[in-house]
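Each chain is listed here by its residues.
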Amino acid sequence: MPNGQERQPPQDPATPGGQWYPPEWPDRIRALADGTLTPVPPRRAATVMLLRDTPAGPAVHMLRRRASMAFAGGAYAYPGGGVDPRDEDHRIGWAGPSLDVWAARLGTDAASAQAIVCGAVRETFEESGVLLAGETADTVVGDTTAEDWEADRRSLVARELSFAEFLDRRGLLLRSDLLGAWARWITPEFEPRRYDTWFFVAALPEGQRTRNASTEADRTVWIRPADAAAGYDKGELLMMPPTISTLRSLEPYAGASDALAAAAGQDLAPVLAQAALEDGELVLSWPGHDEFTKRVRPGGPA
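Everything quoted here is computed from the prediction, not taken from an experiment.

Definitions and cut-offs
Residues numbered from 1 in each chain as written. Predicted model: local features only at pLDDT ≥ 70, side-chain atom pairs only at ≥ 80, totals over all residues. Heavy atoms only, no water. Axes fitted to C-alpha atoms, helices over the stretch in contact; angles between N-to-C directions. Helix = DSSP H or I, 4+ residues; strand = E, 2+ residues; numbered from the N terminus. Parallel < 35°, antiparallel > 145°, perpendicular 65-115°, else oblique. Left-handed = near helix turned anticlockwise from the far one by under 90°. Contact = heavy atoms within 4.5 Å. Nonpolar A, V, L, I, M, F, W, Y, C, P; charged D, E, K, R; others polar. Buried < 20%, exposed > 50% of the residue type's maximum accessible area, 1.4 Å probe, protein only. Arc of directions from axis to C-beta.

Asks: An account of the packing of helix α4 (residues 110-128) against helix α5 (residues 147-157) is requested, with residue identities and associated values reported.
Replies: Remark: α4 packs on α5, axes separated minimally by 9 Å, with the N-to-C direction vectors making an angle of 120°. Overall, the two elements α4 and α5 adopt an arrangement that is oblique. Between α4 and α5 lies a crossing whose hand is left-handed. Residues R122, F125 and E126 of α4 lie in contact with α5, whose contacting residues are W149, R153, L156 and V157. When the residues that make up the contact of α4 with α5 are grouped by side-chain class, the tally is 4 nonpolar, no polar and 3 charged.

Asks: I'd like a description of the packing of helix α7 (residues 225-233) against helix α8 (residues 241-250), backed by residues and values.
Replies: Where α7 meets α8, the closest approach of the two axes is 8 Å, and the angle between their N-to-C directions is 140°. The pairing of α7 with α8 is recorded here as oblique in orientation. The chirality of how α7 crosses α8 is left-handed. On α8, the residues touching P225, A228, A229, Y232 and D233 of α7 are I244, L247, R248 and L250. Residue classes in the contact of α7 with α8 are distributed as 7 nonpolar, no polar and 2 charged.

Asks: Describe α7, naming the residues involved and giving the relevant values.
Replies: For α7, the complete set of buried residues consists of P225, A228, A229, G231 and Y232. Along the axis of α7, the buried residues cluster in a sector spanning 155°; they form a single face. Residue G235 follows α7 closely and has a positive phi angle near 80°.

As structure tokens, this is what we get:
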């Protein structure tokens, strides 16, 4: 899709790099601190860092959210979205580690683990056209750009079809072994839209290709994690803390398979931002991620 002109979210001149801070955060943080704001429960979500190998090293598939989006407009992210509760109830064709193994890895029960992994695979298909599923435990579907695939993809997006129903209709097994759980971030308590998001890594299957299938994105790119991080550091690419953090964590790996192999050793302890009042300043921090610490002067902008 063409890039188009975009409205950049307001930025504090002191904000490092391209980190996205909504202008309403200071007031919401103050409200949380004085008890007038009650946190909303976070919805479960899943997102996938889809990798492919290039002569210069692995590249990751990213999309740029439309500037008109209410949340993180203009920011770069990965394919992802909310978990569909329907994917808890229907046992699906499954290949790879068992649901009990996934539950232990994700810190959930087996039904929730199925829904979260389904959400990761479904959202990747919905937003990039890539499907991590096959007719057998050691195969993956090929090109998914034909009209019948597109009709099913649209039905999934519209929630007219659950992912379990889609797999049953197609006679497919979800290839959970093609995914590796990488990180878990929870939206700050002062945000009106909150998500408990599991980040996964996967390699682009042979024979498939990505496309901008998302109505929420105006651009998609394949980019080396180091190049994307450099763009963020220069203030050229807007990103939220979980995105730039996971990008930096991908930089050491020489190939997509190396990153996937390393997933089992990644820490899935939830990262939740903390807001506090210190000497009259609002301080926003993400434990273990000091680069994102933000200090807001009384009455100052975010």
